[in-house]
Structure formats: structure tokens, C-alpha cells
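# Descriptive structure summary
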Amino acid sequence: MGDEVLLSVRGLKTHFETYEGTVQAIDGIDLDIERGQTVGLVGETGCGKSVTALSILRLVPDPPGKIVAGAIRFKGRDLIGLTDAELRGIRGNQISMIFQEPMTALNPAFRIGEQIAESLLRHQAPRLTRAAIEQLEREVEARKEGRRASPVSSGEEWRCSACQAPAVHGDPACAGCGASFRGFFRRLLRPLGLRWERRALRTLEKDPEDLYLALFAYIPGLRGFQRRLERVAHTDVVAALRSVRIPEPDRIAAAYPFELSGGMRQRAMIAMMMACKPDLLIADEPTTALDVTVEAQILELMRELQKSTGTAILLITHDLGIIAENCQAVGVMYAGTLAEFGSAETVFGAPAHPYTHGLLQAIPKIAPGERTRRRRLFIVPGTVPNLLYPPPGCRFHPRCPYADDQCSDEVPLLRELRPGHLVACHHPIGKEGS
Amino acid sequence: MASFFSAFAARHESRLKELRYSWFLFRHNLLAMAGLLLVIFVALVGLFAPLIAPQDPSYATVGGHRVEVWQPNYAEQFESPSAEHWFGTEFFGIDLFSMVVYGARTSFMIGAFVVFPAMLIGVVLGAFAGYFGRGIGETIMRITDIFLSIPALVLAMAIAAVLGRSIVNIMYALIITWWPWYTRIVYGQVLSLREKQFVEAARSVGAGPLRIIFRHITMNSLSPVIVQATSDFGYVVLTAAGLSFIGLGAPVGTAEWGLMINEGAKYMPNYWWSSVFPGVAILVTVLAFNLLGDGLRDILDPRLRR
């Protein structure tokens, strides 16, 4: 964990043009994420947490949405100036995103393994192509020597009879020595197929986005090279599934999303997003759709993955407990603005913004030993403002117990209260005695 | 070999399970089963026509040349159905049963060569229109509307007038009037699918627009297209027969059901068999495809399952 800043968002403004007018969904967000750090983002529904996440990946649907101002610097590059093609190279490779609903975020028409492999093939094409060519050369070599093998089944385990390497179900050639597994007719036609595959893979090595090959990859009989790539990627797919603690990764890779439970789907989703070992993982309410025990497992898993890969996580949630347990730094959002930002201890221990204070007070507590009196739960009075017509000045002032004239006139800027503790408030709690 | 099959079964376990369940549903749908069996029956008849038919009825143009492989046999003109000629004979003394059997070939060829190209055009355009929406989508859909407004009959007449009377020209006319339906179906599907979260997820792992359209979206929108294509197969056969009946399609002498009805209609009350048997063949084929289409709809519609 270095102190190097991985992502820095400055003055981000995302607006949506609607029939009724411009919705200022995000109006000036500053955010810093360091390498390997977990940063939380909390706030009420509709305060712009998800839009912030989508803006970072530049996935805000345009139109109606538009990033009107701000800078998003990722590893020193401004994501706002990048072309679509450059962005596609970053998405899923260096920044990926986990979605709230694992039920709908996986494509129902494809196997889990295929979907994970898609991301790998997209972003690690050169490495996989090289591995595929190597495997192909082994097979050609084995053909020359006349090596043939059939999988020797000893119980559950399959082994190549030529070299004793573990054999994969449905593979035409041994992954270890390249000996051919399949029947007589297949072996007769093999030289033709191999020559075509070699040509295709060589072309892909030079230009991974060759248009003709992208088409041939769908045509039965010509897609041998694609199948070989997929088989090579399969090893990584299984490794990715194993890293998210999915039992029997081989079987799950061949399963369709509808065959899995919600927790398993979310694991598969995480596997898919972590397959390329991104530097930043955006988790948009990853556990909202799951039950509490599964939630704990998923969060534990994310912590572990972070430890082993050093991925930074931007964790978006409305559950303060999750933030307190998992995050080093917290940003509290209110109505499209960042109200407070600081380390988890300071923000939760000594909240400076009245909104944060209110949120923390609104958590129901059951104190052990204390006689439970019928005490009303604290609520933050009022409702979230309509972002079509946000209140002038501080957006929180109509609901704030400490508001005065300055609050309704002047937009409070984010300022440093203590080192590393930023607040956008004219009268922060714990200072000036308010 | 056994190991190959077990590996195959293991790899496709879930898909096989779904297929087995679909087959279970389908098997218990009596009408759909009847449709499937009839379609298979007609297809087999067409495929093995030379083996089934006692006589080769073709005396039409082959490869642009008119080939006389028969002599008009006026001695056996208009014989009524008998053990020798099951469906009787027609004006030139040709065995009607043979003609009906060969007609299955013609009908299947027309159906396949119209429905598949129309489907291909329709799906690709519909997917693009639905995914891009706005300018591109609107343009494609308005062009689709224009094509939708062309009546098949009039276009076929025009094409027949310009290019001459042939089955291939009829197929062009039918493709031109048939693809817009598929575009509309796919357009509607894609409009709802493109908002799905898995599309956003695909985008967030760096998939490009072409990949999203053809892999993630189109694959999920194919089932209504398959249903439509199945029943369309029947309608195309019917329309082509209708066009041939009014003298726009197959040239005289082709074993084509619509044309046979037309030629037989002249001698209708007395030599009824020369029209009725091709008519029954059309009826059976179209009905079979409709029943099969309905059955497929029941299977592929998740709301009607379970």
C-alpha cells in the first residue's frame, strides 16, 4: 500500500437534461483514492452515489446525462479527454465495476465461464494469443512424432496416456504434450484445421482487433482458433472463480446464471470484474440485493481479494456499518455534493457536518444493560431536495438545525478542518462551538 | 467414443436439461407435435422425392434450357385416382402424385430461401436500429416502414413484368416484403434489452458496441424471431402458391402447388383431383408450420412455462 494517488476527481459535475429542466445530479465532487485503499461513499438514495461511479467510468448515458465540468485523473491521465476506444481499454482492465443486482448484471444467454473469458480475451489478448500459439506448436510437434493419446480415466481424474498430464474434458489435444485425443476422422482433417488456426492466431498476434477474424470467430468450422483461445483462457477463468471461493469452478464455469444463487452470482460477477486484476474496483451497492450472511461473506471476500491483489475499492453503499467495517476513508454525499470527507475514524468519531451527525444519530441503537425506554428514533427533518431546483447556498441548509443567513446565500466550499478531514459547511460541529 | 459423449454431456449438462424440459413440454402439446411430425413428413417427402414419386414430372426449364424429358401422354389424360395413379393424372397425362411430391421440394426451397435471408436482414437492421436509437434507429425504422407499405402482390407483379416469370423472381419479391417484420420484432426486443444491467456490465468490462449488439443483445432477442420465422415459413409457401396461382410465379410446367391448382381449376367440376390434391398439400404444409410455430411460442415464452 503506497500513498500514491490512484484516482483523483476534482470538481466533477454531471447533469441530466430532462423534459422538466436540468437535473444537477452531481454538482462538484472531489475525491481521492490511493492505491490499495478502500474508500466508502455514503448518502441517501438519489444523492448521486451511483452517478459518481458511472461518471468515473464515463458510462453515464449521454444523452440525457453529461459530464459538464471537472477532471477525473486516473494514474495521471484525465479520463474525460479519452476517446471511446481508449476508454474501452481501461474499462474492465484497470477500472471495473460491480453492480447492485447480480440477478440482472449477468447475461442470461451465456455461460459464466464465457462471460469471464470475454473480459480476459478483450484485455489480455496478446498474452493469451501467445499461449495459444505455444499450445498449437506443441500439437503440431506431437503430430509430427505421431503421438496419440486417449484420456486414461482413473476414477474422477483424467490423464493423457502419452505424458500423464491432466487431461481436460472435451479437449482435442493434450495441454501438456499436444498429443491428439480424438478419433480417426478428426485426426485426418486436423492438418487443415491446424494450418488455418496457426494463420489466424499469427494474424491476431499482430492485430488483436482484426475485423475478419472477429467475424470468423462466430462461424462453425472456422472458429477453431477462437476455441483454442477460449480453452487457454479457461485456465484463468477457473483461477478467477477459485479466487472468489466458488466450489467446483469447472462446473460453475459451464453453468448459466439462472442456475446459481444470488450470492454465487455476485461472486461470479466479482470474479469477472477481478479477472484482469484492475487497479480500481467500483462496487456499487454490491450487497444490497443479498441477505445478511451472504453480505458478510462477500465483503470478507472483497477484503481478501484486495489484500492479495492490491486493488483499490470505491465502495458505494447506504449502510454506514459496512463503511465503518471496510473503509479507510469515507465520503458523505448529500444532494449531489460531497458534504464531508475523511478517514473512517474521524468521520464517524467526530463528524463535522451536521448531515453526517444526523445520519449517525439516526442509527437505531440497542444499548446492553440499559433499560429500554420508548425513545423515538432520531430522524433528519425534512426531505431530500429536488435536484431540478436545488436550494441556493448550502444544499443542506433547509434541513440543518444550525443554518443561518450565510448558509442560504453562500455555497460552502470543501475545506480542511483538520489534516485529511474535509468539510463543506459554514458551521462545522466541533469548531466555533456550534 | 463413449468418453467423448460423456464429456459432451457434462459440458452441456444445463443446456441438455433445458432441452429435455422443453421437449417434455412440447411432447405434451398435441397440436404442436402434430405440426412437427407433419413438417418432418413434408420435408422428408421433398428430400426423397425421386425415390417416392413414380415418375419425374419436370418438363420445365432446367438451367435456362427447356429440357424435354417426357412426351405428352394424351392417352392417359385426366385419369381418375386409381392404384396406378394415386392422385390421378393431369392434362398432359403426368402422374399428379409425382407432381405433388416434387412440389414439396419447390415449396421448401421457396420457404427457406425467403425466410432465412429476410431473417438475416431483419435481425441485423433491427438490432442496429434498436441499439443506436435516435438518428440511426429512426432512419432504419422509417425505411422499414416504407418497405412494409409495399404490397407483396404488386411488387411481385412488377418484378415479374420486368424480369420475367420465375420462382427466383418471386423469392426476391417475397424477401423484399418480408424482412421488415423481423426488423420490427428485433427492434422492440432490443429497445428493452439495451437498458438491462448486463449490457451496462458488458460495457463496463470494455466491450465495444458491435460486440454488445450482436453478442449480448441479439442472442437474447432471438426466440420471438424463431417463432415468427417458423409460422412465416408456412405463410411464404402460401403466398408463393398464391402468386403462382395468379400466374406470376413458377413458369408453366413446374411442379408447383399453386400453379397446379390454377391449371386444374380450368377443368374443375369434372376432373376435380387435378386441383384438390395440390390444394390439400398446401393446406397440410401451411397448417403444419402454423401449429409448429404456436407450439414453439408456448415453449419459448417463459411466462407460459412451469
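A brief report on the enclosed structure follows. Quick caveat: nothing in here was measured; it's all calculated off a predicted structure.

Before going further, it helps to examine the overall build of chain A. Each helix and strand counted, chain A has 14 helices and 14 strands in total. Seen along its three principal axes, the alpha-carbon backbone of chain A occupies a region of about 90 × 55 × 40 Å. Counting only residues that meet the buried cut, chain A has 43% of its 434 residues in that class. Nonlocal contacts in chain A, meaning residues at least 24 apart in sequence, comprise 64% of its contacts between residues at least 6 apart.

The next point concerns the packing of helix α3 (residues 30-47) of chain B against helix α5 (residues 96-132) of chain B. Two measures define how a pair of helices packs: the angle their axes make with one another and the distance between the axes. Residue and element names in this part refer to chain B. At a minimum axis distance of 7 Å, the contact between α3 and α5 shows a crossing angle of 105°. One way to sum up the angle between α3 and α5 is to call them roughly perpendicular. Seen from α3, the contacting residues are V42, A43, V45 and G46; seen from α5, they are V101, A104, R105 and F108. Of the residues in the contact of α3 with α5, the class split is 6 nonpolar, 1 polar and 1 charged.

With 29 residues of chain A in contact, the opposing surface of chain B contributes 21 residues. Contributing elements (two or more residues each) for the side of chain A that touches chain B: α2 (84-90), β6 (95-98) and α3 (112-123) of chain A. Looking at the side of chain A that touches chain B, the element that brings in the most residues is α3(A), giving 3 residues. Of the residues that constitute the side of chain A that touches chain B, the class distribution is 13 nonpolar, 11 polar and 5 charged.

We now examine the sheet that holds strand β5 (residues 77-78) of chain A. Residue and element names in this part refer to chain A. One open sheet holds the 4 strands; their spatial order is β2-β1-β4-β5, and the pairing between them is antiparallel. With partners counted over all chains shown, the strands left at the sheet margins are β2 (21-34) and β5, one partner each. Of the strand pairs in this sheet, strand β1 (residues 5-18) and strand β4 (residues 65-74) are connected by 8 bridges, and their pairing is antiparallel. Its bridge partner lying in β4, F16 is registered against G65.

The next thing to look at is the environment of G178(A). All names here are of chain A. You can see G178 is positioned in the loop between β8 (157-160) and α5 (184-206). Since 25 C-beta atoms lie within 10 Å of it, G178 is described here as buried. In sequence terms G178 and R143 are 35 residues apart; their C-alpha atoms lie 8.0 Å from each other.

Here we come to the nonpolar core. Ranked by internal contacts, the top residues of the largest apolar core, which has 186 residues, are A271(A), I282(A), L314(A) and V236(B). In this structure, L314(A) is in contact with I33(A), V39(A), L41(A), A53(A), L280(A), I282(A) and A283(A), ignoring residues within four places of it in sequence. Core analysis: the second largest hydrophobic core is formed by 10 residues, A149(A), W158(A), A167(A) and A179(A) among them.

This next bit is on the environment of F396(A). Structurally, F396(A) can be placed in the loop between α13 (354-361) and α14 (405-409). Sequence-wise, F396(A) and P385(A) are 11 residues apart; in three dimensions their C-alpha atoms are separated by 8.4 Å.

The subject of this paragraph is helix α11 (residues 222-245) of chain B. Because an α-helix completes one turn every 3.6 residues, residues spaced three or four positions apart along the sequence face the same direction. Residue and element names in this part refer to chain B. Here α11 contains 24 residues, and its C-alpha end-to-end distance of 34 Å stays within 8% of the 34 Å for a straight helix at 1.5 Å per residue. Its maximal kink placed at D232, α11 deviates by approximately 25°. With 18 of 24 residues buried, α11 is to be regarded as a mostly interior element. Backbone geometry just after α11 places G247 at a positive phi near 90°.

Residue and element names in this part refer to chain A. Ordered in space as β6-β9-β10-β3-β11-β12-β14-β13, the 8 strands form an open sheet in which the pairing is mixed. In this open sheet, the two edge strands, each paired with only one partner strand, are β6 and β13 (415-418). For this sheet, the mean angle separating the axes of adjacent strands, direction not counted, is 20°. Pairing of strand β3 (residues 38-42) with strand β10 (residues 312-316), which is carried by 4 bridges, proceeds in the parallel orientation. Directly across from V39, in β10, lies its bridge partner L314. Packing against the sheet, helix α9 (residues 262-274) makes contact with β6 and β9 (280-284), and its axis sits at approximately 170° to β6.

Here the focus is the packing of α3(A) against helix α7 (residues 224-243) of chain A. All names here are of chain A. The geometry of α3 relative to α7 is characterised by a closest axis approach of 9 Å and an angle of 105° between their N-to-C directions. Taken together, the axis directions place α3 and α7 in an arrangement best described as roughly perpendicular. Side by side, α3 and α7 meet where G113, I116, A117, L120 and L121 of the first sit next to L229, E230, A233, H234, D236, V237 and A240 of the second. Its residues assigned to classes, the contact of α3 with α7 comprises 8 nonpolar, 2 polar and 2 charged.

All names here are of chain A. Burial analysis of strand β11 (residues 329-334) places 6 of its 6 residues in the buried class, the great majority of the element. Side chains A329, G331 and M333 project from β11 onto one buried face, and the interleaved V330, V332 and Y334 project onto a second face that is buried too. In this structure, the hairpin formed by β11 and strand β12 (residues 337-343) is closed by a connection of 2 residues, where A335 is found at a positive phi of approximately 45°.

Criteria and thresholds
Residues numbered from 1 in each chain as written. Chains lettered and ligands numbered in written order. Predicted model: local features only at pLDDT ≥ 70, side-chain atom pairs only at ≥ 80, totals over all residues. Helix = DSSP H or I, 4+ residues; strand = E, 2+ residues; numbered from the N terminus. Buried ≥ 20, exposed ≤ 12 C-beta atoms within 10 Å, placed from the backbone. Contact = placed C-beta atoms within 7 Å. Axes fitted to C-alpha atoms, helices over the stretch in contact; angles between N-to-C directions. Parallel < 35°, antiparallel > 145°, perpendicular 65-115°, else oblique. Nonpolar A, V, L, I, M, F, W, Y, C, P; charged D, E, K, R; others polar. Pairing = 2+ DSSP bridges. Core = buried A, V, L, I, M, F, W, Y, C linked by C-beta atoms within 7 Å. Expected span 1.5 Å × (residues − 1). Bend = angle between axes of the 7 residues up to and from the residue.

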